[in-house]
Amino acid sequence: MKLEYHDFERILKIGIRLCTEKDRNKLLESIVENGMQITHCDAGTLYLLEDNRLVFKIMKTLSMGISCVAEGEPMEDMPPVPMEEENVCAYTAIHREIINIADVYDSDRFDFSGPKRYDALTGYHTKSQLVIPIENNESELLGVLQLINAMDEQGNVVPFDEQYNIMIRSLGSMTAIELTNIAYTEELKALLYSFVEAFATAVDERIPYNGSHTRKVAKYAGILADYVTKKHEKGECEEYFDEGHKDKLLLAALLHDIGKMVIPQKVMNRATRLEEHMERVEKRFELLASYYEVDMLRGRISEIEYQEKLTELKEEMEFIHEINDVGYLDDEKYEHVKCLSQKVHVKEDGTVTPYLSEAETQYLSIRRGTLSPSERKMVESHVVMTGKILDKVRFNKNYSMVPKWAASHHEFLNGTGYPEGLKDEEIDIETRILTIADIYEALTATDRPYKKPVPREKAIAILRSMALEGKVEMRLVDWLEEALEEEDL
C-alpha cells in the first residue's frame, strides 16, 4: 500500500485542528479517534505516563460501542501498566519504538495475557496491534497510543500497514506538543494565581475583613458574568463570558484591592469617628467635672449651677457616644457638634479648656462614614496604588486588561468616579460588573468594623438609585438581583 497525497493532506488538516484545540481531554480523545480513522482500525487505547507508570485514559471500541474516558482516580478494571519490558506498551515507552504485531495470539515476543483475559471476558478477539510512543518536540515521553485490529475494505481484521507508522507518529507528536503547550499554560496560570493568593494573603494580614471582601466580590462578579452569558444565549444582549473571559474577570476581582496594602491600618480599620480619641475625650470630661467642682467650692458658681454643669457634661458625653458610630450625621446633630465645639471652661488664671479639640470636632462632624476628608482621599488612593503595583507585574497579552479592570472599579459612568473620572464607553463591561459587585458586597457585608450590613433588598435599591444618578448601569443591577434570586432557588 502506497501513501497518497490526500493521506498527508489529511494529517496536516488534523494538525491544524489540534493547534486550535485548548481542551486537554478533547485533545486526548482526538488522538485516539484520528489514529483509528487513519489506520481504519476497530479500537484504540491511550495511556499517559504518570509517576513512571502508564495510566489508562481513553479506550474506544467501535464494534462493541465502547467509549470510555478515565477522569480523576484510576479505574479498577484498567490498572496502571508498570514500566516492565514484557508489556508491549511499556516496551514502547521505554525504547521509544513503534511496535507492530500482526497477531497477538501468534506472538511470543511480549506478554499478551492481559488482552487474552479481556477477550475471554468480553468475547472480543484482539489480533493486530500497533503501539506508538507519544513524544513532544523536547523528546519528552507523554504516553503511548495502542491501536487494535486494523480492517480492510471488507471488514476483515488485517495487520497494520507499516506505511502508516510515520503518520500516526506525526499525529502523536503534534498532539503531544499541544498537550505540552496546554500544560505550560496551566502552569503559568497557576503561577499567576499563586501570586494573586500571596498578594491577597498579605492584604488579609493587614486588613482581616478584606480577604472575605475580595473573594465575595469575585463570587458576585462571577454570578453576574454567568447571568450576562445566559442573557446572551437568549439573544437579549451582545456581551458574553466564555470560560477564559470569565477567568480574567475573576482575576481582576481578586486583585482589585491590592493597593490597600499601603494604606495605614488605623485608617482602613476605623470603626468609629473618634476611635483612639474617645478615651481622651472621656478623661477630659472627667477633668471638666472636677474643674466645675473646684469652681463651686471656691464660690465661682452656685451648687445649682454646678449640678447643671454635671448634667450638661453627662448629656454631651452621651451625645458623643451616640454619634460616634452612626453611618450618617443629620443637620441637627451636625449643628449640635458645632455648638459643642464652642464650649470651653475658663479657670481663674485664664486657662481655657475646650470641650473638644479641633481634631475631635473634625471627626465628629463627618457627615457620612468615619473618615475625615484627608483620610478618605488616602483610602481612595488605593486604586492608584493597585494600578502601580499591577504595572510591575508582567501580564501576557491574554491578561493585559486585568490591571485596567482592577484599578478602575471606582469609576462611574457619569464621570464622578475616581481616580481618572472615566465616562460611559471608556468603562468596560468587566469594570462595570466589578463596580457593582464591589458596592453590593460592601453594603451587605457583615464583618465591617465601621458599618452595619443592609439587607439585599435595600442594597439593590441603593444600587438602583445610583443607576438613576447615572453612576452604574441599571441593566446590570437588575440582572444581579435576578441572578441572586436564581442562586437562592
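The structure we're discussing is the one just above.
> Summarise the overall build of the protein chain; cite the residues concerned and give the values.
When helices and strands are counted, the protein chain shows 18 helices and ten strands. Taken over the C-alpha trace, the protein chain has a radius of gyration of 36 Å; the compact-globule value for 489 residues is 23 Å, which it surpasses by more than 25%. Seen along its three principal axes, the alpha-carbon backbone of the protein chain occupies a region of about 125 × 45 × 40 Å. Across the 489 residues that make up the protein chain, the buried fraction comes to 45%. In the protein chain, the share of contacts with a sequence separation of at least 24, taken over all contacts with a separation of at least 6, comes to 65%. One way to put it: in the protein chain the 60 positive side-chain charges average out to a point 5 Å from where the 92 negative ones average out.

> Give me a nonpolar patch on the surface: which residues, what numbers.
Together, L188, L191 and F195 give the surface a local cluster of nonpolar side chains, amounting to about 320 Å² of exposed area. Assignment of secondary structure puts L188 in helix 5 (residues 165-206). In this structure L188 comes out as exposed when scored by relative accessible area, which is 55%.

> How would you explain unusual backbone geometry if you had to name every residue and give the values?
Of note, the bond from Y418 into P419 is cis; its omega dihedral lies within 30 degrees of zero at 10°. With respect to the helices and strands, P419 occurs in the loop between helix 15 (402-407) and helix 16 (429-444). Within the chain, H40 stands out as a residue other than glycine whose phi angle is a positive 55°. Mapped onto the secondary structure, H40 falls in the loop between helix 2 (24-39) and strand 1 (41-50). Positive phi, close to 60°, is recorded for N52, a residue that is not glycine. In this fold, N52 is placed in the loop between strand 1 and strand 2 (53-61). Classification of N52 as exposed rests on a relative accessible area of 55%.

> Can you lay out a negative patch on the surface for me, pointing to particular residues and giving the numbers?
Negative charge collects at one region of the surface, where E84, E85, E86 and D111 lie side by side. Position of D111 relative to the elements: it lies in the loop between strand 5 (99-101) and helix 4 (113-122).

> Account for the packing of aromatic side chains, naming residues and giving values.
Two measures describe an aromatic ring pair: the distance that separates the ring centres and the angle between the ring planes. Overall, the coordinates contain five aromatic pairs when judged by the stated rule. An angle of 80° between the planes, with centres 6.2 Å apart, marks the rings of F110 and F112 as edge-to-face. Aromatic rings pair up to connect Y91, F110 and F112 into one cluster. When the ring centre of Y91 is taken as origin, the NZ or CZ atom of R109, which lies over that ring, is 5.3 Å away. Note that R367 overlies the ring of Y334, its terminal NZ or CZ placed 4.2 Å from the centroid.

> Pulling in residues and values, what's your account of the pattern of salt bridges?
Counting across every chain of the model gives 28 salt bridges. In this structure, E50 engages K57 in a salt bridge whose closest nitrogen and oxygen atoms are separated by 3.3 Å. For E50, a relative accessible area of 29% corresponds to the partly exposed category. Among the ionic pairs, R300 bridges to D295, the shortest N-O distance being 2.9 Å. Owing to a relative accessible area of 38%, R300 belongs among the partly exposed residues under this scheme. Looking at D295, the relative accessible area reads 7%, which means it is buried.

> So what's going on with the packing of helix 17 (residues 456-468) against helix 18 (residues 474-488)? Residues and values would help.
Relative to each other, helix 17 and helix 18 sit at 165°, their axes nearing to 8 Å. Here helix 17 lies roughly antiparallel to helix 18, going by the angle between them. Like other packed secondary-structure pairs, helix 17 and helix 18 cross with a definite hand, here left-handed. Contacts between helix 17 and helix 18 involve R456, I460, L463, R464, A467 and L468 on the former and, on the latter, M474, V477, D478, L480, E481, L484, E485 and D488. Of the residues contributing to the contact of helix 17 with helix 18, the split by class is eight nonpolar, no polar and six charged.

> Talk me through helix 16; I want residue IDs and the actual numbers.
Taking 1.5 Å of rise per residue, the 16 residues of helix 16 would be expected to cover 22 Å, and the 23 Å separating its terminal C-alpha atoms lies within 8% of that figure. Burial analysis of helix 16 places 15 of its 16 residues in the buried class, which makes it a mostly covered element.

> Pulling in residues and values, what's your account of the side chain of E430?
You can see E430 is positioned in helix 16. Not counting residues within four places of it along the chain, the set of residues in contact with E430 comprises F241, H245, L249 and W405.

> Give me the packing of helix 7 (residues 243-255) against helix 16: which residues, what numbers.
Look at helix 7 against helix 16: their axes get within 10 Å of each other, and the N-to-C directions meet at 45°. The angle between the axes of helix 7 and helix 16 places the two elements in the oblique class. Every pair of crossing elements has a handedness; the one defined by helix 7 and helix 16 is right-handed. On helix 16, the residues touching H245, L249, A252 and A253 of helix 7 are E430, I433 and L434.

Each value, and the rule that gives it
Residues numbered from 1 in each chain as written. Predicted model: local features only at pLDDT ≥ 70, side-chain atom pairs only at ≥ 80, totals over all residues. Heavy atoms only, no water. Helix = DSSP H or I, 4+ residues; strand = E, 2+ residues; numbered from the N terminus. Rg over C-alpha atoms; globule rule 2.2 N^0.38 Å. Buried < 20%, exposed > 50% of the residue type's maximum accessible area, 1.4 Å probe, protein only. Contact = heavy atoms within 4.5 Å. Lys, Arg positive; Asp, Glu negative; His and termini not counted. Charge placed at Lys NZ, Arg CZ, Asp CG, Glu CD. Patch = residues over 30% accessible without salt bridge, like charges linked within 9 Å, V, L, I, M, F, W, Y side chains within 5 Å. Areas by Shrake-Rupley, 256 points an atom, 1.4 Å probe, with all protein chains shown as cover. Salt bridge = Lys/Arg side-chain N within 4 Å of Asp/Glu carboxyl O. Phe/Tyr/Trp six-rings, centres within 6.5 Å; stacked < 30°, edge-to-face > 60°. Lys NZ or Arg CZ within 6 Å of the ring centre and 35° of its normal. Axes fitted to C-alpha atoms, helices over the stretch in contact; angles between N-to-C directions. Parallel < 35°, antiparallel > 145°, perpendicular 65-115°, else oblique. Left-handed = near helix turned anticlockwise from the far one by under 90°. Nonpolar A, V, L, I, M, F, W, Y, C, P; charged D, E, K, R; others polar. Expected span 1.5 Å × (residues − 1).

By themselves these figures say nothing about function.
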